[in-house]
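A structural walkthrough
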Amino acid sequence: MEKYEFRYMTVKDIEEVYTIESISFPTPWSKEAFYNELTQNRFATYVVIEHGEHLVGYCGVWIVVDEAHITNIAILPQFRGYKLGENLLKKIMQEAKNRGANTMTLEVRVSNIIAQNLYRKLGFQDGAIRKRYYTDNQEDALVMWVKI
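Here goes a summary of the coordinates provided.

What counts, and where the lines are drawn
Residues numbered from 1 in each chain as written. Predicted model: local features only at pLDDT ≥ 70, side-chain atom pairs only at ≥ 80, totals over all residues. Heavy atoms only, no water. Helix = DSSP H or I, 4+ residues; strand = E, 2+ residues; numbered from the N terminus. Polar contact = N/O pair within 3.5 Å; in protein donor to acceptor, adjacent residues only side chain to side chain. Phe/Tyr/Trp six-rings, centres within 6.5 Å; stacked < 30°, edge-to-face > 60°. Buried < 20%, exposed > 50% of the residue type's maximum accessible area, 1.4 Å probe, protein only. Lys NZ or Arg CZ within 6 Å of the ring centre and 35° of its normal. Pairing = 2+ DSSP bridges. Axes fitted to C-alpha atoms, helices over the stretch in contact; angles between N-to-C directions. Contact = heavy atoms within 4.5 Å. Arc of directions from axis to C-beta.

Regarding the side chain of Asp140
When you line up the elements, Asp140 lands in the loop between strand 6 (125–130) and strand 7 (141–147). Engagement of the side chain of Asp140 in a polar contact is seen with the backbone nitrogen of Arg132, the distance being 2.8 Å.

Details of the packing of aromatic side chains
Within the structure shown, the criterion is met by six aromatic pairs. Ring geometry for Tyr119 against Phe124: centres 5.7 Å apart, planes inclined by 55°, an arrangement best described as tilted. Accessibility expressed as a relative area gives 7% for Tyr119, which makes it buried. Linked through ring pairs, Trp29, Phe34, Tyr46 and Tyr58 together constitute an aromatic cluster. When the ring centre of Phe6 is taken as reference, the NZ or CZ atom of Lys91 above it lies at 5.0 Å. If you follow Arg109 out to its NZ or CZ, it ends over the ring of Tyr134, 4.1 Å from the centre.

Considerations on the sheet that holds strand 7
Through backbone hydrogen bonds, the strands of a sheet pair up, either in parallel or in antiparallel fashion. Strand order across the open sheet formed by seven strands is 1-2-3-4-5-7-6, with mixed pairing between neighbours. With one partner strand each, in any of the chains shown, strand 1 (5–8) and strand 6 form the two edges of the open sheet. Averaged over all adjacent pairs, the angle separating strand axes in this sheet is 25°, with direction ignored. Bridge analysis of strand 1 against strand 2 (residues 44–51) gives four bridges, and the strand direction is antiparallel.

Digging into the environment of Arg130
With respect to the helices and strands, Arg130 occurs in strand 6. Distance from Arg130 to Val110, taken between C-alpha atoms, is 9.7 Å for residues 20 residues apart in sequence. If near-sequence neighbours (up to four positions away) are discounted, Arg130 is found in contact with Glu107, Asp140, Ala141 and Val143.

Side note on helix 4 (residues 113–121)
Every buried residue belonging to helix 4 is among Ala115, Gln116 and Tyr119, and all of these are buried. All buried residues of helix 4 lie within an arc of 100° about the axis, which places them on one face of the element. The exposed residues of helix 4 that point more than 90 degrees off its buried face are Ile114 and Lys121. A positive phi of about 100° marks Gly123, the residue just after helix 4.

Functional significance is not addressed by these values, which are geometric in nature.
Structural data, given as structure tokens:
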């Protein structure tokens, strides 16, 4: 069985996280955005998945009082399908709960059925639609939420 380690993201991880972000999303966050998240945003927590000496995924969450908001989650394409995203999201959900959050929310592209199915598997429910949320193609976002 392959070994994967979950740990908190550090500034040293930004380069690899940015690579995962760039491969995964048409409008990736900048390296500066990740740096600011780690050094300036007291509400932000990021967890990475390490496999050997490389990162294969990450997830970010903002925890504000009793609410948590997933900022982004991504797994390298060649590591998808092994429940790493599911396990990462479970860890983030537990982290948010441990820090006092009782609800969690996220946005997902209406076309991203695979991600929606994962979120529903973990108890997320459909909420509102954010019209033209994604700037690359004006696609709507489905807002999903869960009590944790």
